[in-house]
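# Structural overview for review
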Amino acid sequence: MRGERGERGERGERGERGGNDGAGAPGPDGAARPAGRRGRRAGRRETAGRARVPLRRSLLGRLLAVSALVAACSVAATAWIAVQTTSGAIKQEQGQNLTADARIYDTLLAYAARNPTWDGVGATVRELARESGRRVALTTQSRQPLADSATSATAPALGPQASAVVDPLSVDTVLAARGTDGRSTAADRIDPRAVGPFRLSTADSKALRRTADSKVECLNRAGIASDVVVGPSGRPRVQIVGNDPERALGTRCDLAALDAPTRSERKALDALTGLADACLKRQGREGVQLDSDLSWGDPSASSAPGEDGTLVPRVPVPVPVPAPAPGDAPAEATEPSVTPERTGENDRAIASCVSAARGEQLSSYVSSPALLFIGDEGGATLPGFDLSPANTARIAGAAALVLALTVGASVFAGTRLVRPLHALTGAAQRMRDGERPESVPVSGDDEVGRLAAAFNDMSAHRARLEEQRKAMVSDVAHELRTPLSNIRGWLEAAQDGLADPDPAFVSSLLEEAVLLQHIIDDLQDLAAADAGVLRLHPEPVEARELLGQVAAAHQARAENAGVTLTVAGAAPGPALRADPVRLRQAVSNLVSNAVRHTPEGGRVTLRAYACEEEAGTVAVEVADTGSGIPAEDLPHVFDRFWRAEKSRSRRTGGSGLGLAIVRKLVEAHGGTVDAASVVGEGSTFVLRLPGTGPSGP
């Protein structure tokens, strides 16, 4: 393998790297940069010539333009919002907007739902007017007065447009949603407080209340918190605290008795079913049997009874008929539920008929629709918002002031923003001209300050890279000079007749040539890894077997140095997918370093194991009991041409490329390499590579 790489090196780029003496290195755009001091002066003149950016293209100019646009939009939006807000307030005062008066509407709606006429509503109207400070008036749809909080004979006439229509059978959903009690409105727009014939008698309500109280006591004894909630019809129900009614299913507290309809409720429900059936028959459809929650359908499915009057196209549980009390006549048997065909069109038709039937049934139990007027107590109307010349001048002056303040603040902020950017630009251009990198002041922790800090880090990193590049050139020259000088010396000695070309002579020259070839191969591997063209041929590899091969290859050298070289761990070890040649090269470099830096009597141990903290990762560890590496040198062990001994003698160290190659090879496999060391105790290098799971026996 070394020989093949040597041939590639000899056939490679020998002579392709021509010099560029006197012309300067080509720039990023392909043009040659000026060389020397004259070039730098020319670059500075070019920089000075284009340092000033036109205002329309500068960051400051764009910031000013954007600020002015934002200020103009802000002023326009503020003016529009002010006009809309003022107009809305005036409309509210005139009774055209009842957002703030929803409570008045809701109170009168509740009165209409509970009373068949408007008689006696005057006291309620006067109380609402007193609490709101507004004039409240009710009239029939023909504008005949029903109640008015303005009792004086000189009360102004009502406005031409009513604020709302109070009709419990056709609730205004917008106003009802803004009500004070948060009650929802049924889908058919009938107020849930309009119960009509479904209202329980006092006796039935008290009897059910006693039953509900007993169920609550039973649930409380079972450790389930519950309360009694009374609906608009007077029917109590048990509400589980936490809204999880299924918790009561596992107890002996049977709540079904509270769901059984009373005789009056069954009678009202039968009447409602008859009205709905008549509507459906007029449409040529089959009738339905409504449940107490006004649902219909297949009686085999479950239902959740409620009192909000919502029409539910779902399937209820058959309602049990309560046993008759002593002395009561037996209730008439009800016919079984009719199951119409379940289609979307059928459900819509049933819902429409049930809604119409409810309205017909409740019409005699609720008050007739009335017009609601809400206005100012004195009857005065506030004028609309008039943008007079004086108001126009005020708005224009305020807009100009806001615009001036915005522009001034933008200029101040833009100047502070551009100043550090100019410093960054100047420092970057000086770096381009080849001058020594320098830091720029960091003004704060904002975006520009972070940019300056990042630039300083980049500048320092570039300086380090430049120093490393110079050191690398010097190191490469030093590494190549030694074998070439030896070869030249021996050849000149042979040419002058001072040395005989015997086998020892040829062996010495071959040793120097092989050393030179090794350096070139290492440099070629690093160059390929840096360029991303390092070719790998991955295949399944048993890690412990590979370590055994590396140990066998270095065993003779370790014995000569008096170092014990062992492979720890039981076979078979963890498996991974890697290029075995490249992986052996990486581990061999580590073993070679470990043997070189371990004194006589020391130990070098190779081990492969699966990482517990990183699933699917295999660790390859090379540990020695050598001299160790100082803590300040650990961050540099993988740098190119770095050696712990600064003498650069091959007797105490290699070329300084071995660990750099290890890192590149491991990274090419998608892994990482770490080093830990204690001076005087030894060092440990760990390669972490993606694994394929444990190998089989």
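Below or above, wherever it landed, is the structure these notes cover.

What counts and what doesn't
- Residues numbered from 1 in each chain as written.
- Predicted model: local features only at pLDDT ≥ 70, side-chain atom pairs only at ≥ 80, totals over all residues.
- Heavy atoms only, no water.
- Helix = DSSP H or I, 4+ residues; strand = E, 2+ residues; numbered from the N terminus.
- Buried < 20%, exposed > 50% of the residue type's maximum accessible area, 1.4 Å probe, protein only.
- Areas by Shrake-Rupley, 256 points an atom, 1.4 Å probe, with all protein chains shown as cover.
- Phe/Tyr/Trp six-rings, centres within 6.5 Å; stacked < 30°, edge-to-face > 60°.
- Disulfide = S-S within 2.5 Å.
- Pairing = 2+ DSSP bridges.
- Axes fitted to C-alpha atoms, helices over the stretch in contact; angles between N-to-C directions.
- Contact = heavy atoms within 4.5 Å.
- Patch = residues over 30% accessible without salt bridge, like charges linked within 9 Å, V, L, I, M, F, W, Y side chains within 5 Å.
- Salt bridge = Lys/Arg side-chain N within 4 Å of Asp/Glu carboxyl O.
- Core = buried A, V, L, I, M, F, W, Y, C linked by side-chain atoms within 4.5 Å.

This paragraph deals with the overall build of the chain. Scanning the chain for helices and strands turns up 15 helices and 13 strands. Expressed as a percentage of the 697 residues in the chain, the buried residues total 35%. Approximately 40200 Å² of the chain is accessible, and the part contributed by carbon and sulfur atoms is 54%.

This structure, assessed with the given rule, holds 3 aromatic pairs. When the ring of Phe638 is compared with that of Phe685, the centres are 6.2 Å apart and the planes differ by 85°; the resulting orientation is edge-to-face. Of this pair, Phe638 sits in the loop between strand S11 (617–624) and helix H15 (658–668) while Phe685 sits in strand S13 (residues 682–694), and the two are 47 residues apart along the sequence. Judged by relative accessible area, Phe685 falls into the buried class, the value being 9%.

So, on to the state of the cysteines. Taken as a whole, this structure holds 2 disulfides when the rule is applied. Sulfur-sulfur distance for the disulfide between Cys218 and Cys253 comes to 1.7 Å. One quick way to see it: the torsion about the S-S bond of Cys218 and Cys253 is about -85°, and its sign makes the bridge left-handed. Residue Cys218 is located in helix H7 (residues 202–221), and its partner Cys253 is located in the loop between strand S5 (236–240) and helix H8 (263–282); the two are separated by 35 residues in the primary sequence.

Let us look at the sheet that holds strand S2 (residues 145–148). Working definition: the strands of a sheet are paired by backbone hydrogen bonds and lie parallel or antiparallel to each other. With antiparallel pairing, the 4 strands of this open sheet are ordered in space as S2-S1-S6-S3. Looking at strand neighbours, the two that pair on one side only are S2 and strand S3 (164–166), the edges of this open sheet. Neighbouring strand axes in the sheet, compared pairwise and without regard to direction, differ in orientation by 25° on average. Its contacts with the sheet place helix H4 (residues 102–114) against strand S1 (135–139), S3 and strand S6 (370–375), and it is angled at close to 25° to S3.

Bringing the environment of Ala623 into the picture now. Inspection of the secondary structure assignment puts Ala623 in strand S11. The sequence separation of Ala623 and Val686 amounts to 63 residues, and the corresponding C-alpha distance is 8.5 Å. Sequence-distant contacts of Ala623, that is, excluding residues within four places in its chain, are made with Arg603, Val604, Thr605, Ser683 and Thr684.

Attention now moves to a nonpolar patch on the surface. A cluster of nonpolar residues, Leu403, Val407 and Val411, forms a patch on the protein surface that exposes about 190 Å² of accessible area. Within the secondary structure, Val411 is located in helix H10 (residues 389–432). With relative accessibility at 37%, the residue Val411 sits in the partly exposed group.

So, on to unusual backbone geometry. Positive phi, normally seen in glycine, also occurs at Arg143, with a value near 65°. Along the polypeptide, Arg143 turns up in the loop between S1 and S2.

Most of S11 sits out of view: 8 of its 8 residues are buried. Here S11 shows two buried faces, one formed by Thr617, Ala619, Glu621 and Ala623 and the other by Val618, Val620, Val622 and Asp624. In this sheet, S11 lies alongside strand S10 (residues 603–610) in antiparallel orientation, the contact comprising 7 bridges. When the bridges of S11 are listed, Tyr609 appears paired with Ala619.

Within the largest apolar cluster, 45 residues are counted, with the highest numbers of intra-cluster contacts made by Leu576, Val587, Val591, Val604, Leu606, Val622 and Leu687. For this core, the secondary-structure elements that each account for two or more residues are helix H12 (503–531), helix H13 (543–560), strand S9 (574–578), helix H14 (580–596), S10, S11, H15 and S13. The greatest single-element share of this core, amounting to 7 residues, is contributed by H14. Residue contacts for Val591: discarding those within four places in its chain leaves Val550, His554, Leu565, Leu606 and Val622. Core analysis: the second largest hydrophobic core is formed by 20 residues, Leu108, Leu109, Val121 and Val166 among them.

In total, this model carries 12 salt bridges according to the counting rule given. With a closest N to O distance of 2.8 Å, Asp148 and Arg135 form a salt bridge. One end of the pair, Asp148, is in strand S2; the other, Arg135, is in strand S1, and 13 residues separate them in sequence. Take Asp148: its relative accessible area is 27%, and that puts it in the partly exposed class. Residue class for Arg135 comes out buried when judged on its relative accessible area of 8%.

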